[in-house]
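The chain contents come next:
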Amino acid sequence: MKFMKLGSKPDAFQTDDNDARYVLSDLPSDIIIHVDDARFFLHKFPLLSKSSLLQRLIIEASQNGTDEVVIQDIPGGVKTFEICAKFCYGMVVTLNAYNVVAVRCAAEYLGMTEDVEKSNLIFKMEVFLNSGIFRSWKDSIIALQTTDALLPWSEELKLVGRCIDSIATKATANPSNVMWSYTYNRKSASSDEIVEARKSSQAVPKDWWVEDLCELDVDLYRRVMVAVKSRGRIPSDVVGEALKAYAARWLPECCDTLVDDVYSESYKHLLETIVWLLPSDKGSSGIPCRFFLQLLKVTVLIGAGELLKEELMDRIVLQLHKASVNDLLIPSKLPAQTIYDIQLVQTLISRYMRHAGVAEDGIFLNNLDQEMFETNVDNESLVALCKLVDRYLAEVASDPNLSVSSFVDLATSMPESARTTHDGLYTAIDIFLKLHPGLPKTEKRKVCSLMDVKKLSKGACIHAAQNDRLPLRVVVQVLFFEQLRAAGAASAAAAAGPNGSVARCMARLEEEEDDEDGGWKDGHALLEPPTPGALRKQLGSLKLAAADQGGDDGRRLVARSSSVANQSSRLSLSSRSRRIFDKLWVGGGGGKVPGEAAVGGKGSSDTSGSSQSPRSSAKPLESKSSSASSRNRRYSVS
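Residues numbered from 1 in each chain as written. Predicted model: local features only at pLDDT ≥ 70, side-chain atom pairs only at ≥ 80, totals over all residues. Heavy atoms only, no water.

**Things to note about the overall build of the protein chain**
And then number 1: Within the protein chain, the regular secondary structure consists of 31 helices and 7 strands.
And then number 2: Burial analysis of the protein chain (638 residues in total) assigns 48% to the buried set.
And then number 3: For the protein chain, the share of sequence-separated contacts (at least 6 apart) that also reach a separation of at least 24 residues comes to 72%.
And then number 4: Split by element, the accessible area of the protein chain, about 31,500 Å² in all, is 50% carbon and sulfur. (Helix = DSSP H or I, 4+ residues; strand = E, 2+ residues; numbered from the N terminus. Buried < 20%, exposed > 50% of the residue type's maximum accessible area, 1.4 Å probe, protein only. Contact = heavy atoms within 4.5 Å. Areas by Shrake-Rupley, 256 points an atom, 1.4 Å probe, with all protein chains shown as cover.)

**Remarks on the sheet that holds strand β3 (residues 20-23)**
And then number 1: Spatial strand order, β2-β3-β5-β4-β6: 5 strands in an open sheet with mixed pairing. Strands with a single pairing partner mark the edges of an open sheet, and in this sheet they are β2 (13-15) and β6 (68-71). Strand-to-strand, the axes of this sheet are offset by a mean angle of 20°, without reference to chain direction.
And then number 2: When β3 meets strand β5 (residues 38-42), the two strands line up parallel, connected through 3 bridges. Note that in β5 the partner of Y22 across the bridge is F41.
And then number 3: Sheet contacts for helix α2 (residues 52-63): β4 (31-35) and β6; angle to β6, the most-contacted strand, approximately 140°.
And then number 4: Contacting β2, β3, β4, β5 and β6, helix α3 (residues 77-89) crosses the sheet at an angle of about 5° to β5. (Pairing = 2+ DSSP bridges. Axes fitted to C-alpha atoms, helices over the stretch in contact; angles between N-to-C directions.)

**Section: the pattern of salt bridges**
Any two side chains of opposite charge can pair if their charged atoms end up close together.
And then number 1: Within the structure shown, the criterion is met by 21 salt bridges.
And then number 2: Measuring nitrogen to oxygen at the nearest pair gives 3.1 Å for the salt bridge that ties E155 to R223. With a gap of 68 residues between them, E155 in helix α7 (residues 153-156) and R223 in helix α11 (residues 218-230) connect regions that are remote in the sequence.
And then number 3: With relative accessibility at 35%, the residue R223 sits in the partly exposed group. (Salt bridge = Lys/Arg side-chain N within 4 Å of Asp/Glu carboxyl O.)

**Looking at the environment of D281**
And then number 1: On the secondary structure map, D281 appears in the loop between α14 (261-277) and α15 (289-302).
And then number 2: In this structure, the C-alpha to C-alpha distance between D281 and R315, residues 34 residues apart in sequence, is 9.3 Å.

**Overview of the pairing of β5**
And then number 1: Only one face of β5 is covered, namely the one carrying A38, F40 and L42; the face carrying R39 and F41 has none of its residues buried.
And then number 2: Across 5 bridges, β4 lies against β5 in antiparallel orientation. Bridging from a neighbouring strand, I32 pairs with F41 of β5.
And then number 3: The antiparallel pairing of β4 with β5 creates a hairpin that spans 2 residues between the two strands, and D36 there sits at a positive phi of about 55°.

**Observations concerning the packing of helix α16 (residues 306-316) against helix α18 (residues 342-356)**
And then number 1: Contact pair α16 / α18: the axes reach a minimum separation of 9 Å and the direction vectors enclose 50°. It follows from the interaxial angle that α16 and α18 lie oblique. For the element pair α16 and α18, the recorded crossing hand is right-handed. Facing α16, whose interface residues are K309, E310, M313, D314 and I316, α18 presents L344, T347, L348 and R351.
And then number 2: Its residues assigned to classes, the contact of α16 with α18 shows 4 nonpolar, 1 polar and 4 charged. (Parallel < 35°, antiparallel > 145°, perpendicular 65-115°, else oblique. Left-handed = near helix turned anticlockwise from the far one by under 90°. Nonpolar A, V, L, I, M, F, W, Y, C, P; charged D, E, K, R; others polar.)

**Notes on the packing of aromatic side chains**
And then number 1: Throughout the structure, instances matching the rule amount to 11 aromatic pairs.
And then number 2: Ring centres of F13 and Y89 lie 6.1 Å apart, and the angle between their planes is 85°; on these two criteria the pair is classed as edge-to-face. Pair noted here: F13 is in strand β2 and Y89 is in helix α3, with a separation of 76 residues, a long-range link.
And then number 3: Both rings, one in Y246 and one in W250, keep their centres 6.3 Å apart while their planes meet at 50°; by these two values the pair is tilted. Remark: W250 and Y246 occur in helix α12 (residues 236-250); sequence separation between them is 4 residues, near one turn of the helix.
And then number 4: Taking the relative accessible area as the measure of exposure, W250 reaches 34% and is therefore partly exposed. (Phe/Tyr/Trp six-rings, centres within 6.5 Å; stacked < 30°, edge-to-face > 60°.)

**Topic: unusual backbone geometry**
When glycine is set aside, most residues are seen to have a negative phi, and most peptide bonds are trans.
And then number 1: Looking along the chain, the bond that leaves L151 and enters P152 is cis, with omega of 5°.
And then number 2: Residues other than glycine seldom take positive phi values, yet S119 does so here, at roughly 55°.
And then number 3: Of note, K158 is a non-glycine position whose phi angle comes to about 60°, a positive value.
And then number 4: You can see K158 is positioned in the loop between α7 and α8 (159-171).

Remember, this is a structural readout, not a statement about activity or role.
Here's what the structure looks like:
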């Protein structure tokens, strides 16, 4: 910090218990000056030689026959007047960035100009400001902070503008030319690294000035940032970094503080300033979406107004796919019943799709909206946003007040082509069903109809097959498609044909479920098994692959692999799922499963009601013979 000492005489000012201040001298005081609640017992001659105001007041007091003078509203108050009085006596005073602006304003108030005496206090203050304060980065910021309490004097003397100009000039300087001290703690060094050594060895970052400006009052900060941006040398990402640091410094993280009416007005003013200072280019990628969502959260909680909310939402929708789930968890305000503001997120997603020019079927459209922003939205961005929506669904699904319609609307807000896998959606559905145990069966089916079991991973299928919260029909679908994937197209084709046991068992299970639940009349049916034509095509491709392996050996290998896959898949199922599985494979009126023993009569009936695998009742020789004959008959069909 820069400082300057004036005067050469020792400090002789004393203060008693009654806040009376006097100078230790052999000469008695001949004038009493009242400044606020303090009284100064001084001498006329030193004061008359320096201050034009004191000259006039003392002369008027003598004409009125009194030795007392009253000074009101002097900038800086008692402390600043004492510094000016010591200068008049020639005593030593120390000036620095904390008091130089106040002394300069007080000197102007007292009229301590060159017309009264050469090298007067105003002259010395100007020398110190220009040669010391305004050449120092941190001293300029400190001096600017002191100007707020000295209005309107500091504004009239252009001290505020000069401090701002000094700060803006240094902030926009080439980082390679920065040689002065600054604060930079946002990227902490390693535990064994000295910060000063790191600064000297590494290049100065572009946002080196950001943290030091965070200590300014919001109005001063706004003026400084306007001056910095007006020079046109700071990129938008650095401006965004500065605004992020300032928001982190002054906006609280606790939501309870934000809803406090005592601070809401100040937070609103702060928020308006930050949003007003954002770069005009809304499509700029320099400022992350997370920052905009944090500002939106504050806007919602303090009720800052629709204009501010709309401005932030317009910026968020341009890069919503880059957000995280925690960023979207915006608490709702009364009278909303849900914990989080789900409607707001729904609106953001809808605007994203509209601005991106994407229809509900995932097709990119041109000129969808004349006011559409130019966005770089591709299929990868839509997939990323869809994954984000599924994770968000899983978070809000635990809210007991979340309605089925809100859940369905949010899940269907993304085009089906963007949801490459349904694992995330299944997780959200499972959580929703778990936290809403009293949901009617029709509502359960409506929620489950959102899921395509063919897009579930193997692990998700295993979990779904053992999930008692899912409707029976969904479990049947999961088991069928998992067996179709595990056993191969050849085995599935025989089982899913018009006369196959799987098709008959699925129909029977659905009839039983409809009888038990009163029928499925809401129109939300899940996916049906593949048609025989589709399976026939898969069968042909598998037949060619088997022929390449060498006739009967290749076909025998395919059948054996299917049987092993079937058995390993059934071992991990729960008792409920295994009973369904048994109905699928052996309960269809004696239909034979490829690769397994043929079971008939009483044995077939017993096995269909058991949780054991039907292979336990088959004889090895019969199984081999039956399998071979079945394969020969099947592959002879062209």
